[in-house]
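Now for the letters of each chain:
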Amino acid sequence: MNETNIKDESLRLSDLSPAELAAALEIKPFQARQLFRWLHQKQVLDFAEMTDLSKAMREKLQARCAASCLTLLHMDQSPRTGTKKALLRLPDGESVESVLIRDRDRVTLCVSSQVGCALKCDFCATGMAGFTRNLTPGEIVEQALYLLRDEELGGRTPNIVYMGMGEPFRNYDAVMKSIHLLMEKEGLGIGARKITVSTAGEAPSIERFAQEDWQVRLSVSLHAANDTLRSKLVPLNRRYSLERLRQAILEYQTRTDRQITFEWTLLAGVNDRLEDVADLVRYMAGIRATVNLIPWNPVAGLPYSPSSREQCEIFRDALLMHGVTTTLRREKGQDIDAACGQLRRTRGMAV
Ligand code: SAH
């Protein structure tokens, strides 16, 4: 019989914690921890290389399941910045993109949580083709594993941001499970404070997230602080208004006492004016937050243009003058279309 015929495709090792591996494979907890280490810490894809597992177990695993459910279709690297973009194939033939960004000695992995996105923010590439499906926890974690393979981190753990394709809070349970897997000490062991979930403003999920017992960070993609403009840029605002969003953020801060980040993508003449600064400053009263300004990355076919460098700096300085801690992001992946909001499936396309 062909070996692939007897493999259990519903058994996805990357979806499972060490305890779940032990139960699913009927192996001892220490063996499950060894296996988890090979998969997550060493990013090994071939059971034959897992030399501290018995030969019998390696053969059993080989016959029964695959070590990974994603396949690397393409890895792009920007010669200028070192940014890497992975195009990964999912078991059902869909694909997702993930990005590794280097900033001095810091490495940040930007992972996708869905194939496509239903939110259709007006300036973002991902929503243009609509929503296809949620990713499983393993499909999220494996993006990080592929990006880290052969990567010299010098003992540092990377940051993880859920800012790739999709709205993480529309895939809440899988995203939470993926965070647990990334934090697992037998695996990548990433500290909660190095992980950021970014939402376009799913207010009820922010309240739910406030109850999670960890220090994972929250980013809210605001982009506008008056309802008319925000409803145009982020249609989700028609469901959860700025006031509703504020309530959720305040509840989050009451419960967790943690600062959040507001993401603000700067669009020339649309939300980069001094009146937009005034709206934002007013909105932030009572909220402990920093602002991260993102110059818009052009997306072909969308009716926007990026704010000039000068306008970005004027906007930033105006916020700083109001006492708001503000960072202006230098984009790192534009030359390979790996910057924020430029992610979409480019299957078969030269990237
Ligand atoms: N759905 C989540 C996470 C994915 S988007 C969210 O909205 O937060 C990650 C960030 O990139 C968001 O702040 C999003 O608004 C921003 N973004 C989307 N398209 C962009 C583009 N073309 N240029 C710059 N930022 C963009």
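Calculation rules
Residues numbered from 1 in each chain as written. Predicted model: local features only at pLDDT ≥ 70, side-chain atom pairs only at ≥ 80, totals over all residues. Heavy atoms only, no water. Buried < 20%, exposed > 50% of the residue type's maximum accessible area, 1.4 Å probe, protein only. Helix = DSSP H or I, 4+ residues; strand = E, 2+ residues; numbered from the N terminus. Arc of directions from axis to C-beta. Contact = heavy atoms within 4.5 Å. Domains from an automatic or database assignment. Buried area = accessible area lost by both parts, 1.4 Å probe. Salt bridge = Lys/Arg side-chain N within 4 Å of Asp/Glu carboxyl O. Polar contact = N/O pair within 3.5 Å; in protein donor to acceptor, adjacent residues only side chain to side chain. Axes fitted to C-alpha atoms, helices over the stretch in contact; angles between N-to-C directions. Left-handed = near helix turned anticlockwise from the far one by under 90°. Nonpolar A, V, L, I, M, F, W, Y, C, P; charged D, E, K, R; others polar.

Draft legend 1. Seen up close, helix α4 (residues 55-64). Regarding α4, the residues found buried are M57, R58 and L61. The buried residues of α4 occupy an angular sector of 100° when the element is viewed end-on, so they sit on one face. Of the residues in α4, the exposed ones pointing more than 90 degrees away from the buried face are K55, A56 and K60. Considering only its buried residues, α4 is in contact with α2 (18-25) and α3 (29-41).

Draft legend 2. Layout of the domain arrangement of the protein chain. Annotation of the protein chain at the domain level lists domain 1 (13-64) and domain 2 (71-350). Relative placement of domain 1 and domain 2: their C-alpha centres are 32 Å apart. With 14 residues of domain 1 in contact, the opposing surface of domain 2 contributes 17 residues. Considering only the surface of domain 1 that becomes buried against domain 2, D15, H40 and Q43 emerge as the three largest contributors, covering 42% of it. Summed over the shared surface of domain 1 and domain 2, the result is three salt bridges. In this structure, R37 engages E186 in a salt bridge whose closest nitrogen and oxygen atoms are separated by 2.8 Å. Inspection of the region where domain 1 meets domain 2 yields 10 residue pairs in polar contact (both at pLDDT 80 or more). Residue assignment for the side of domain 1 that touches domain 2 shows that the elements contributing at least two residues are α2 and α3. With six residues, α3 is the single largest residue contributor to the side of domain 1 that touches domain 2.

Draft legend 3. Region of the structure containing the packing of α2 against α3. Between α2 and α3, whose axes approach to 8 Å, the crossing angle comes to 115°. In this structure, the crossing between α2 and α3 has a hand that is right-handed. Counting all contacts with α2, which are made through P18, L21, A22 and L25, the residues of α3 involved are P29, A32, R33, L35 and F36. Within the contact of α2 with α3, the residues separate by chemical class into eight nonpolar, no polar and one charged.

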